[in-house]
Amino acid sequence: QVQLVESGGGLVQAGNSLILSCAASGRTFSTYAMGWFRQAPGKEREFVAAISRSGAIMRYADSVKGRFTISRDNAEKTVYLQMKSLNPEDTAVYYCAGGPTGWGTVNDDREYDYWGQGTQVTVSS
């Protein structure tokens, strides 16, 4: 059984930065891709970023490209999301997820088997 626990959310002013962390339990962390998704009030959950098993390949949603960076430390079984130049449109609950063994559909939340409980990020203007 894999458990994911996010941390690092909070309230920040527009233009500032925040780093989210997601700690995984279990011994198979390095065998699957990891992703970050977010869900704003009244909206569907959307893809933010994903990283391959080795950490060599990343994919980003267009809305965060150039501002967000996903990384992972397989030894520490942790994935990170560094967020810069935050704006109010980034306000959402952020979820980390794991599970895809393929890379082609890492932006599809249906491909993920494991989910964290989410962490709230609020960006004030």
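Residues numbered from 1 in each chain as written. Predicted model: local features only at pLDDT ≥ 70, side-chain atom pairs only at ≥ 80, totals over all residues. Heavy atoms only, no water.

Asker: Account for the overall build of the chain, naming residues and giving values.
Answerer: Secondary structure summary: the chain contains 0 helices and 11 strands in total. Mapped in sequence order, the helices and strands of the chain form the string β-β-β-β-β-β-β-β-β-β-β. Since a compact globule built from 125 residues should have a radius of gyration of about 14 Å, the 13 Å found for the chain is in line with a globular shape. The dimensions of the chain, computed from C-alpha atoms along their principal axes, are 40 × 25 × 25 Å. Relative to its full complement of 125 residues, the chain shows a buried share of 43%. For the chain, the accessible surface area stands at approximately 6,400 Å², while carbon and sulfur atoms represent 45% of it. (Helix = DSSP H or I, 4+ residues; strand = E, 2+ residues; numbered from the N terminus. Rg over C-alpha atoms; globule rule 2.2 N^0.38 Å. Buried < 20%, exposed > 50% of the residue type's maximum accessible area, 1.4 Å probe, protein only. Areas by Shrake-Rupley, 256 points an atom, 1.4 Å probe, with all protein chains shown as cover.)

Asker: Before we move on, can you summarise the state of the cysteines with the specific residues and values?
Answerer: Each disulfide is one covalent bond, formed between the sulfur atoms of two cysteines. Summed over the entire model, instances satisfying the criterion amount to 1 disulfide. At a sulfur-sulfur separation of 1.9 Å, the disulfide partner of Cys-22 is Cys-96. Every disulfide takes its handedness from the sign of the S-S torsion; for Cys-22 and Cys-96 that torsion is 45°, giving right-handed. Residue Cys-22 is found in strand E3 (residues 18-24), and its partner Cys-96 is found in strand E9 (residues 92-98); the two are separated by 74 residues along the sequence. Neither residue differs from the other here; Cys-22 and Cys-96 are each classed as buried. (Disulfide = S-S within 2.5 Å.)

Asker: So what's going on with the pattern of salt bridges? Which residues, and what values?
Answerer: Tallied over the full model, the rule gives 6 salt bridges. Put simply, Arg-38 and Asp-90 hold a salt bridge, and the shortest N to O gap is 2.9 Å. With Arg-38 in strand E4 (residues 34-39) and Asp-90 in the loop between strand E8 (78-83) and E9, the pair connects residues that are 52 residues apart, well separated along the chain. Here Arg-38 falls in the buried class, since its relative accessible area comes to 5%. Using a relative accessible area of 1% as the deciding quantity, one classes Asp-90 as buried. Arg-45 serves as the salt-bridge partner of Asp-109, at 3.3 Å between the closest nitrogen and oxygen. One end of the pair, Asp-109, is in the loop between E9 and strand E10 (114-115); the other, Arg-45, is in the loop between E4 and strand E5 (46-51), and 64 residues separate them in sequence. Residues joined by salt bridges that share partners form a network here, namely Arg-38, Glu-46, Arg-67 and Asp-90. (Salt bridge = Lys/Arg side-chain N within 4 Å of Asp/Glu carboxyl O.)

Asker: Could you give an account of the environment of Phe-37, with specific residues and numbers?
Answerer: Here Phe-37 lies in strand E4. Given the relative accessible area of 1%, Phe-37 is considered buried. Here the alpha-carbon distance between Phe-37 and Ala-75, two residues 38 residues apart in the chain, equals 23 Å.

Asker: Help me get a handle on the packing of aromatic side chains, residues and values and all.
Answerer: Across all of its chains, the model carries 7 aromatic pairs by this definition. Here the aromatic rings of Tyr-32 and Tyr-114 are separated by 5.4 Å at their centres, their planes lie at 50°, and the arrangement is tilted. One end of the pair, Tyr-32, is in the loop between E3 and E4; the other, Tyr-114, is in strand E10, with 82 residues separating them in the sequence. According to the relative accessible area criterion, Tyr-114 is partly exposed, its value standing at 26%. Measuring from ring centre to ring centre gives 6.5 Å for Tyr-95 and Trp-115, while their planes differ by 75°; the resulting arrangement is edge-to-face. Here Tyr-95, found in strand E9, pairs with Trp-115, found in strand E10; they are 20 residues apart in sequence, far enough to count as distant. Classification of Trp-115 by relative accessible area gives partly exposed; the value is 25%. Each member of the aromatic cluster is reached from another via a ring pair, and the members are Phe-37, Phe-47, Tyr-95, Tyr-112 and Trp-115. We note Arg-45 situated over the ring of Trp-115; from NZ or CZ to the ring centre the distance is 3.9 Å. (Phe/Tyr/Trp six-rings, centres within 6.5 Å; stacked < 30°, edge-to-face > 60°. Lys NZ or Arg CZ within 6 Å of the ring centre and 35° of its normal.)

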